[in-house]
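Chain by chain, the residues run as shown.
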Amino acid sequence: MSNTKWLYNDLINYMGMHKLPKGLEEAFKEYSPVYETELLPHDSYEKLLAPYELPSDKKDFLDKALAAVEADERVLFFSHFFVWDMCSMRNKYDIDNYTELVPECLGQYNTAYAFLILLACVPVSEKEMIRRGIPYEYYQDIPHRMLRDQLKRYKETGRIDVEDMPWKMNFYTLTIFLLDRFLFIPYCHGERFRMYRSNKTGDVIALNEAGCTYDAEGQLLDWGFPEEEEDEESKSVSEEYSERHGAGDPETSENGLKNGNYYSHRKAASDETFVTTLDETEDSITGYYMNPLGFTENKKITLDKSEFKPALKENDWLIALHIPGGEGYTPERMHSSMVMALDFFKKYYPELDIKGFWSSSWLYDERLRLILGDGRNITNCQNLMYRYSDGEDGSMLYVHLFKDMKNSLEDYDCSSTLQKEAKRYLLAGKRFCTTGMMILSEEAYSGRVYFSEKDKDNWNTLVDTWRLRA
């Protein structure tokens, strides 16, 4: 391969690339070119694919796709850049940066390109694991958590394109770890709220930044980010679920019954809204109270700076917690897993000053307590969290409980109590909302709860005011 360094725009145009991450051209200026004739070591390529015993025609297609990439100097050059960028600190913990990677220059092999790039990230990332001294058992199965489903689909359908690339990229770049029951990955706090801790009682209080818009039920409508910070191509969790599972403009399924588009995108019971403010002086800070049960109250509180000290601010490091399917979603396993994660990242990622945990899930919605009651694993895990509205609707719940946004609810055959109760609740005209949560390191170790009896009373008042029970 020659030592030519092509211009960024020339490569983009030659390959026919679209929907590339923000800042990619700036990153390209910092890239020190790799002039290797292989996209990834071929022994690594064979080792990654070996457990799946691909049929000869499927394996031959991938081999030829890899050969096509390596036969074109410009494609290979830019491919090494993509791998470098994905594995770099710039993208390492940004789960929403790359959305797709499909060129137009490889003909029949265009759809295999993203998969090959992700495979090429594995040996590069393994070198980083070795550099950090992370034992092999922590990362040996990480890429295979995605490869198993990817290649199963490939064998069954012939499709090798990569769905939900931002999520899967975490596994191929070895930045996510399974510790006991849960998956963990570093995450930079970028949502518009801050948290404070009392140096007298240890209580934690969260306040929104100014300019966040909420509906009557205290659910976020708009974070109010400055326009220059907004990414037109970025999608919310709900939008991603809707698109992936067949949501669209129609509100009915093929049989004429209402489906997930109708039930998961419901609005608040009232059109009333409010916008947060945040006023800070030398001695105090006044803002809108984020109730730990998952909504922002339409009232201001004032914190004395001599007592309340910052506990979480913008750009602080957290650990994102993700919940794999299966048994074991209990507060005990969540607590033990978080302790393991804090100890793991403190040892192997000492440069990250971890403040606690973040997550977003349909499982955190306080409305589930209205249909399930107390003492269930779902609600017991909720008790560990400082929950907040992150602007998501009920799409995630609909897909997890009713399998597909296209499925109509009225004729869906429910088997579990949760499905039956959620169906009853939605048919009664109510809604669910995916909810964010924080657990700071102190509470991850101690298990102390964030909410008070007053917080529960205020939630119950909201429930009664807007008739949220069914």
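Above this text sits the structure in question.
Residues numbered from 1 in each chain as written. Predicted model: local features only at pLDDT ≥ 70, side-chain atom pairs only at ≥ 80, totals over all residues. Heavy atoms only, no water.

### Topic: helix H3 (residues 42-49)
Test applied: Relative accessibility under 20% of the residue-type maximum defines a buried residue, over 50% an exposed one, and the middle range a partly exposed one, all with a 1.4 Å probe and only protein chains included. The helix count covers DSSP runs of H or I at least four residues long, the strand count covers runs of E at least two residues long, and both are numbered beginning at the N terminus. Each C-beta atom gives one direction from the helix axis, and the arc is the one those directions make. Here, two residues are considered to be in contact whenever any of their heavy atoms come within 4.5 Å of each other.
If you check which residues of H3 are buried, you get Ser44, Tyr45, Leu48 and Leu49. Taken end-on, H3 shows its buried residues confined to a sector of 125 degrees, consistent with a single buried face. Residues Asp43 and Lys47 are exposed on H3 and point more than 90 degrees away from its buried face. Where H3 is buried, its residues meet helix H4 (56-71), helix H7 (113-132) and helix H9 (144-157).

### Details of the pattern of salt bridges
Short version of the rule: By convention in these notes, a salt bridge is any Lys or Arg side-chain nitrogen within 4 Å of a carboxyl oxygen on Asp or Glu.
Counted according to the given criterion, the structure contains 34 salt bridges. Taking the shortest distance from any N to any O, the salt bridge between arginine 159 and aspartate 161 comes out at 2.8 Å. In this structure, arginine 469 and aspartate 464 form a salt bridge, with 3.7 Å as the shortest nitrogen-oxygen distance. On the basis of relative accessibility, which here comes to 45%, the residue arginine 469 falls in the partly exposed class. Here the salt bridges share partners, and the residues they tie into one network are Asp215, Glu217, Asp365, Arg367 and Arg431.

### Focus: unusual backbone geometry
For glutamate 53, which is not glycine, the phi torsion reads 45 degrees and is therefore positive. Summarising the element assignment, glutamate 53 is placed in the loop between H3 and H4. Using a relative accessible area of 68% as the deciding quantity, one classes glutamate 53 as exposed. In the Ramachandran plot, asparagine 315 falls in the positive-phi region, its phi being about 75 degrees despite a non-glycine side chain. By the element assignment, asparagine 315 lies in the loop between strand E11 (308-312) and strand E12 (317-322).

### Focus on the side chain of asparagine 259
Stated formally: Pairs of N or O atoms are called polar contacts if they sit within 3.5 Å, as long as, within protein, a hydrogen donor faces a hydrogen acceptor (for residues adjacent in sequence, only side-chain-to-side-chain pairs).
By secondary structure assignment, the location of asparagine 259 is in the loop between helix H11 (237-244) and helix H12 (260-263). Looking at asparagine 259, the relative accessible area reads 3%, which means it is buried. Reaching out from asparagine 259, the side chain makes a polar contact with the side chain of asparagine 261 at a distance of 2.9 Å.

### Describing the nonpolar core
As a reminder, the rule being used: Put simply, a nonpolar core is a bunch of buried Ala, Val, Leu, Ile, Met, Phe, Trp, Tyr and Cys residues held in one set by side-chain atoms that sit within 4.5 Å of each other.
Phe82 and Leu101 are the most contacted members of the largest nonpolar core, which has 150 residues in total. The leading source of residues in this core is H7, at 11 residues. If near-sequence neighbours (up to four positions away) are discounted, phenylalanine 82 is found in contact with Met17, Leu20, Leu24, Tyr98, Leu101, Tyr113 and Ile117.

### Structural notes on the sheet that holds strand E14 (residues 386-389)
Filter applied, for reference: In this analysis, strands are considered paired if DSSP registers two or more bridges between them. Under this scheme, a helix contributes an axis fitted over its contacting stretch, all axes are lines through C-alpha atoms, and angles between N-to-C directions fall in the 0 to 180 degree range.
In spatial order, the strands read E1-E2-E12-E13-E15-E14; together these 6 strands make up an open sheet with mixed pairing. For this open sheet the edge positions go to strand E1 (177-179) and E14, each flanked by a neighbour on one side alone. Averaged over all pairs of adjacent strands, the angle between strand axes in this sheet comes to 35 degrees, irrespective of strand direction. Note that strand E13 (residues 354-361) and strand E15 (residues 435-440) share 6 bridges and pair antiparallel. Opposite serine 361, over in E15, you have threonine 435 as the bridge partner. The strands that helix H13 (residues 331-348) touches are E1, strand E2 (182-188), E12, E13 and E15; relative to E2, the one it contacts most, it runs at about 50 degrees.

### Digging into the packing of aromatic side chains
Stated formally: Aromatic rings from Phe, Tyr and Trp, with only the six-membered ring used for Trp, were paired whenever their centres fell within 6.5 Å, and each pair was classed as stacked if the ring planes differed by under 30 degrees, edge-to-face if by over 60, and tilted otherwise.
One pass over the full model with this rule turns up 40 aromatic pairs. Ring geometry for tyrosine 31 and phenylalanine 77: centres 6.2 Å apart, planes at 75 degrees, overall edge-to-face. In this pair, tyrosine 31 sits in the loop between helix H2 (24-30) and H3 while phenylalanine 77 sits in helix H5 (residues 73-86), placing the two residues 46 residues apart along the sequence. For the pair shown, tyrosine 31 and phenylalanine 77 are each scored as buried. With centroids separated by 4.6 Å and ring planes inclined at 55 degrees, the aromatic side chains of phenylalanine 193 and tyrosine 388 adopt a geometry described as tilted.

### Some details on the sheet that holds strand E6 (residues 220-222)
Strand order in the open sheet formed by 3 strands is E6-E5-E7, and the pairing between neighbours is antiparallel. On the outer flanks of this sheet lie E6 and strand E7 (273-275), each paired with one strand and no other. Put simply, the sheet's adjacent strands are angled 30 degrees from each other on average, direction ignored. In this structure, strand E5 (residues 213-215) lies alongside E7, joined through 3 bridges in antiparallel fashion. Across the sheet, residue threonine 213 finds its bridge partner in E7, namely valine 275.

### Side note on the state of the cysteines
Note on terminology: disulfide describes a covalent bond linking the sulfur atoms of two cysteines. Threshold: Pairs of cysteine sulfur atoms within 2.5 Å are identified as disulfides in what follows.
Within this structure, the stated rule accounts for 0 disulfides. Not engaged in a disulfide, the cysteine cysteine 87 finds its nearest cysteine sulfur in cysteine 121; these two sulfurs lie 3.9 Å apart. Between cysteine 105, a cysteine without a disulfide, and cysteine 121, which holds the nearest cysteine sulfur, the sulfur-to-sulfur distance is 18 Å. Judged by its relative accessible area of 27%, cysteine 105 is partly exposed.

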